[in-house]
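# Residue-level structural notes
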Amino acid sequence: MKKRINCIILDDEPFAVKLIADYASKVPQLNVLYAGSDVFKAIEILNTEMVDLIFLDIQMPDLTGIELMQLFNQKHNFVITSAYAEYALDVYQFHVIDFLLKPIIFNRFYQSVEKYNRWQETFQSADTDDYLFVKADRKHYKVAIDSILYIEGLKDYIRIHTNTEKIIVLENMKDILVKLPEKRFVRIHRSYIIPLNKIRVIEGNQIQMINGEYLSIGETYRKLIGEWIDQR
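Now for a description of the structure that goes with this document.

About the thresholds
Residues numbered from 1 in each chain as written. Predicted model: local features only at pLDDT ≥ 70, side-chain atom pairs only at ≥ 80, totals over all residues. Heavy atoms only, no water. Helix = DSSP H or I, 4+ residues; strand = E, 2+ residues; numbered from the N terminus. Buried < 20%, exposed > 50% of the residue type's maximum accessible area, 1.4 Å probe, protein only. Phe/Tyr/Trp six-rings, centres within 6.5 Å; stacked < 30°, edge-to-face > 60°. Pairing = 2+ DSSP bridges. Axes fitted to C-alpha atoms, helices over the stretch in contact; angles between N-to-C directions. Contact = heavy atoms within 4.5 Å.

### Structural notes on the environment of Asp-90
Take Asp-90: it is sitting in helix H4 (residues 88-91). On the basis of relative accessibility, which here comes to 39%, the residue Asp-90 falls in the partly exposed class. Separated by 24 residues in the primary sequence, Asp-90 and Ile-66 have C-alpha atoms spaced 8.6 Å apart.

Pasting the structure below:
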């Protein structure tokens, strides 16, 4: 049995809201929490409820679809519903599952739901102790956990340093740390997360990694690193 999908439908056109809500009612898996044009009502729900998928128009009053995605990109997935194909390239920097060009037919709507299901199955079936999936350059990369040398914070982005490449991902340090195996990684600085098995030497306020690089230990994290050493 497929998992229930809590969704929001947000569009400034009443006809589009009615049509998409009607399509959603034909898909038993979808549970519509809100369908309308009130962006602030949608934000209230996003801040208080578990929302899996947002069907979103780009041209909205008060707050555009792009601005809404900037606010909630790290937490939610989007299906764009727009009459303007030129937005297609702009939106894929966010967690966009599909782009539905108006007028939308039911078959395309249903395909977007199935696309979301396949995306979820891919991530849920992955062994999180062995692999991490990240989105970069409009692609999903499967990164072997054991290949990670360290993760570097870059404001709104992170750079994952591996044995073979460096991958820049639109993610923050807090969220990426949650996705990593808890017993295998530790944050040592506001800008660094490291795998414990890649430490070569801990010296003063620095850690030398097995590739020879030195990373600073932030003042906030010194106690944590000290406790970890004492337990070994």
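### A look at the packing of aromatic side chains
Under the definition given, this model contains six aromatic pairs. With 6.0 Å between their ring centres and 75° between their planes, Tyr-150 and Tyr-192 make a pair best called edge-to-face. On the criterion of sequence distance, the pair formed by Tyr-150 in strand S8 (residues 148-154) and Tyr-192 in strand S12 (residues 192-195) is long-range, its members being 42 residues apart. As far as burial versus exposure is concerned, Tyr-150 and Tyr-192 are alike and both buried. An aromatic cluster is built from Tyr-23, Phe-55, Phe-106, Phe-109 and Tyr-110, whose rings are joined through pairwise contacts.

### Digging into the environment of Glu-86
Note that Glu-86 resides in the loop between strand S4 (77-82) and H4. Residues Glu-86 and Asn-205, 119 residues apart in the sequence, show an inter-C-alpha distance of 50 Å.

### Observations regarding the sheet that holds strand S5 (residues 96-101)
Taken in spatial order, the five strands line up as S2-S1-S3-S4-S5 in an open sheet, and their pairing is parallel. Taken across any chain shown, the strands that pair with only one partner, and hence form the sheet edges, are strand S2 (30-36) and S5. Put simply, the sheet's adjacent strands are angled 15° from each other on average, direction ignored. Alignment of strand S1 (residues 5-10) against S2, held across six bridges, turns out to be parallel. For Cys-7, the partnering residue across the bridge sits in S2 and is Val-32. In the packing of helix H1 (residues 14-25) onto the sheet, contacts are made with S1, S2, strand S3 (53-56) and S4, and the angle to S2 comes to roughly 170°.

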